[in-house]
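Remarks on the overall topology
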Amino acid sequence: MKLSHSYNRYQRQLILKGFGPIAQDKLSNASVLVIGAGGLGCPLLQYLVAAGVGHIGIADDDIVSLSNLHRQVLFTMEDIGKSKVEVAKKRLQSMNDDVDITTWNERWTQQDCVDHFNDYDLIVDATDNFSSRYLINDAAVLMGKTLVFGAVSQFEGQVAVFNYPTEGDNRSVNYRDYFSTPPKNGEVLNCSEAGVLGVLPGIIGTMQATEVIKILTGIGKPLINKILTYNSITHESYMLELEKKSISDNLPSNIENFLKTNYAELCGISYFGIDEIDVDEWDKQKGNLLLVDIREAHELPKLSELPHLAIPLSELYNRLNELTDANVVFVCQSGRRSLQAVMMLKNEIILSKAFSLKGGVDAMLTQKII
Amino acid sequence: MLNMVEIRFFGQLTDLTKTEKVLIEDIRDTDMMINKIMEMYPALATATFKVALNNKLVNDKIEIAENSIIAFMPPFSGG
């Protein structure tokens, strides 16, 4: 440490047993790339910057919106419409100008991984979709980088450290050793569809920051070969032990094949369009179509102005007889669960045809149908 | 005495099962247990998940000891 103000700034962690100036120097010499500056990224960036991690990269292509503010604590109402990485950098730099921050206001690509991963000691996945998560995981494994993973779902969250160096040239498990392939598109909902308790990504992002600081300083045991699931409602946690496979299933064999992999398609994004019908088309044909709202009973707004049937997705299997011989259009909030409903019923012969309403109730609201 | 096993559902699987925990009895192995759960909650057929027995992933059929805890775990993606 060079300056006395640094001692003052970090005094509370410097006096910790086993920490001291050596650990602080490790932090200030370290570089961490955080992909995603949203619910997970905001708290973890705050703590990494506050702790004095010397070099931080932040990548995100999104802009701040009002619905972000209940959990993305780096942003204010004045930031709505602005680039997340730009706002985050300014705010973080005002917390600690010792830290050098590089930003990418773009969606992180395979080429970006290849171009920039080697500039960083650690990679942190703070994204919100499977396509990015598999892409980042694969690049980290192929490029020999340790990855700190975090993800949330409604009231629960997960944390893990992947591809950490172990004995010899070996590495700990990665996400492909857990789920070797992504789920079908629309099956696992994101925060905008399934909801998330605002403090949850705060907790999980802070746990990710804890893992980063532990790894960089060599303090404690990182979460390797296991994945921690935390439930914010019960405060129960569940530790799942994972086993390393000799070759992770479905991992691209090398960088060349990694660059050729279509991660959007892998995660089923190309599925969109097949059994979908947009709001305009539905409006023209609605006389021949039975509209089925598959949202749960508590979800708003209700479709009370429109003739429809309400069957929550969880009850769909047991209420198929209500759909006999009908041409059905499933609708949910954003059009993801309704795709799931179409997939669920693909093999059910009682239906003439099932569609998913593209964009769901959100699209109906935008087009002032309701 | 019947073998009681506790099953826990995580993440969005609870939207399909409407419960986080269920006790089932007289279950000898993981295949039998999974069949029983799929019968009880047919909506799980559309979901992606892993099954763990006493905190370890289940890849093959194994015997279930009394008072075991089983977890049904989906992938999480939100951030």
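The model shown is predicted, which means the values in this text are computed figures rather than measured ones. (Residues numbered from 1 in each chain as written. Chains lettered and ligands numbered in written order. Predicted model: local features only at pLDDT ≥ 70, side-chain atom pairs only at ≥ 80, totals over all residues. Heavy atoms only, no water.)

A look at the overall build of chain A
Each helix and strand in chain A was counted, giving 13 helices and 13 strands. Its C-alpha atoms give chain A a radius of gyration of 23 Å, within 12% of the compact-globule value 21 Å for 370 residues. When the backbone C-alpha atoms are referred to their principal axes, chain A occupies close to 75 × 50 × 40 Å. With 370 residues in all, chain A has 54% of them scored as buried. For chain A, the computed accessible surface area is about 16,600 Å², with 51% contributed by carbon and sulfur atoms. Put simply, chain A has 34 plus and 46 minus side-chain charges, and the middle of one group is 4 Å from the middle of the other. (Helix = DSSP H or I, 4+ residues; strand = E, 2+ residues; numbered from the N terminus. Rg over C-alpha atoms; globule rule 2.2 N^0.38 Å. Buried < 20%, exposed > 50% of the residue type's maximum accessible area, 1.4 Å probe, protein only. Areas by Shrake-Rupley, 256 points an atom, 1.4 Å probe, with all protein chains shown as cover. Lys, Arg positive; Asp, Glu negative; His and termini not counted. Charge placed at Lys NZ, Arg CZ, Asp CG, Glu CD.)

Comments concerning the pattern of salt bridges
Residues and elements named next belong to chain A. In total, this model carries 19 salt bridges over all chains according to the counting rule given. A salt bridge links Arg-295 to Asp-293; the shortest N-O distance between them is 2.9 Å. What makes Asp-293 buried here is its relative accessible area of 7%. Taken together, the shared-partner salt bridges connect Glu-315, Arg-319 and Glu-322 into one network. (Salt bridge = Lys/Arg side-chain N within 4 Å of Asp/Glu carboxyl O.)

Structural notes on the sheet that holds strand β12 (residues 327-331) of chain A
Residues and elements named next belong to chain A. Taking strand neighbours across the sheet as the criterion, the five strands line up as β9-β13-β12-β10-β11 in an open arrangement whose pairing is parallel. The outermost strands of the open sheet, each flanked by one partner alone, are β9 (276-277) and β11 (309-310). Relative to β11, strand β10 (residues 290-293) runs parallel, the two sharing two bridges. Each residue of the ladder has a partner; that of Asp-293, found in β11, is Ala-310. (Pairing = 2+ DSSP bridges.)

What to know about the domain arrangement of chain A
Parsing chain A into structural domains produces domain 1 (4-270) and domain 2 (273-366). Using C-alpha coordinates to define each centre, domain 1 of chain A is positioned 36 Å away from domain 2 of chain A. (Domains from an automatic or database assignment.)

Looking at the environment of Val-199 of chain A
Structurally, Val-199 of chain A is set in helix α8 (residues 199-217). Along the chain, Val-199 of chain A and Leu-365 of chain A lie 166 residues apart, while their C-alpha atoms are 28 Å from each other.

Focus on the interface of chain B and chain A
Each partner contributes to the interface: chain B provides 27 residues, whereas chain A provides 40 residues. Carbon and sulfur atoms make up 55% of the area that chain B and chain A hide from each other, which totals about 3,100 Å². Looking only at chain B, the three residues that lose the most surface to chain A are Gln-12, Phe-76 and Gly-79 of chain B, adding up to 23% of its buried area. Remark: the boundary between chain B and chain A carries three salt bridges. For Lys-56 of chain B, the salt bridge identified is with Glu-241 of chain A, shortest N-O distance 3.8 Å. (Contact = heavy atoms within 4.5 Å. Buried area = accessible area lost by both parts, 1.4 Å probe.)

Topic: the environment of Leu-365 of chain A
Residues and elements named next belong to chain A. Considering the arrangement of structural elements, one finds Leu-365 in helix α13 (residues 360-366). Each C-alpha atom of the pair Leu-365 and Pro-301 lies 9.3 Å from the other, and the pair is 64 residues apart in sequence. Every residue in contact with Leu-365, bar those within four places of it in the chain, is listed here: Pro-301 and Ile-370.

What about the pairing of β10 of chain A?
With four bridges connecting them, β10 of chain A and β12 of chain A associate as parallel partners. The residue bridging Val-292 of chain A from the neighbouring strand is Phe-330 of chain A, located in β12 of chain A.

Quick notes on unusual backbone geometry
Residue and element names in this part refer to chain A. Here Leu-300 and Pro-301 are connected by a cis peptide whose omega angle stands at -5°. As for its position among the elements, Pro-301 is in the loop between β10 and β11. Of note in this structure, Asn-163 is not a glycine but carries a positive phi near 55°. For Asn-163, the position within the fold is in the loop between β6 (156-162) and α7 (191-194). Residue classification places Asn-163 among the buried positions, given a relative accessible area of 2%.

A closer look at a nonpolar patch on the surface
All names here are of chain A. On the surface, Phe-155, Leu-197, Val-199 and Ile-233 cluster together into a nonpolar patch covering about 360 Å² of accessible area. Turning to its location among the elements, Ile-233 is positioned in the loop between β7 (226-231) and β8 (237-241). Ile-233 sits in the exposed class, given a relative accessible area of 53%. (Patch = residues over 30% accessible without salt bridge, like charges linked within 9 Å, V, L, I, M, F, W, Y side chains within 5 Å.)

Here's the deal with α8 of chain A
Residues and elements named next belong to chain A. Taking 1.5 Å per residue, 19 residues should reach 27 Å; α8 reaches 27 Å between its end C-alpha atoms and fits that length. Every buried residue of α8 is accounted for by Leu-200, Pro-201, Ile-204, Gly-205, Gln-208, Ala-209, Glu-211, Val-212, Lys-214, Ile-215, Leu-216 and Thr-217. Positive backbone phi, approximately 80°, marks Gly-218, located one or two places after α8. (Expected span 1.5 Å × (residues − 1).)

A look at helix α2 (residues 20-28) of chain A
Restricting attention to buried positions, one finds in α2 of chain A the residues Gly-20, Ala-23, Gln-24 and Leu-27 of chain A. Looking straight down α2 of chain A, one finds its buried side chains confined to an arc of 100°; they lie on one side. (Arc of directions from axis to C-beta.)

Brief notes about the packing of helix α3 (residues 41-51) of chain A against α8 of chain A
Residues and elements named next belong to chain A. Closest axis-to-axis distance for the α3/α8 pair is 7 Å, and the angle between their directions is 35°. Between α3 and α8 lies a crossing whose hand is right-handed. The segment α3 lies against α8, with Pro-43, Leu-44, Tyr-47, Leu-48 and Ala-51 engaging Pro-201, Gly-202, Gly-205, Thr-206, Gln-208, Ala-209, Val-212 and Ile-213. By residue class, the composition of the contact of α3 with α8 is nine nonpolar, four polar and no charged. (Axes fitted to C-alpha atoms, helices over the stretch in contact; angles between N-to-C directions. Left-handed = near helix turned anticlockwise from the far one by under 90°. Nonpolar A, V, L, I, M, F, W, Y, C, P; charged D, E, K, R; others polar.)

Regarding the environment of Thr-217 of chain A
All names here are of chain A. Among the secondary structure elements, Thr-217 is positioned in helix α8. Measuring from C-alpha to C-alpha, the distance between Thr-217 and Thr-261 comes to 35 Å, with 44 residues separating the pair along the chain. Sequence-distant contacts of Thr-217, defined by excluding residues within four places in its chain, comprise Phe-19, Ala-23, Lys-26 and Leu-27. In terms of polar contacts, Thr-217 uses its side chain to reach the backbone amide nitrogen of Ile-219, at 3.5 Å. (Polar contact = N/O pair within 3.5 Å; in protein donor to acceptor, adjacent residues only side chain to side chain.)

Considerations on the side chain of Arg-71 of chain A
Residues and elements named next belong to chain A. Here Arg-71 shows up in the loop between β2 (55-59) and α4 (84-95). Of the buried charged residues, Arg-71 lacks a salt bridge, with Asp-128 as the closest side chain of opposite charge at 6.5 Å. A distance of 3.1 Å separates a polar atom in the side chain of Arg-71 from the backbone oxygen of Ser-67. Setting aside chain neighbours within four positions, we find Arg-71 in contact with Gly-39, Val-196, Gly-198 and Pro-201.

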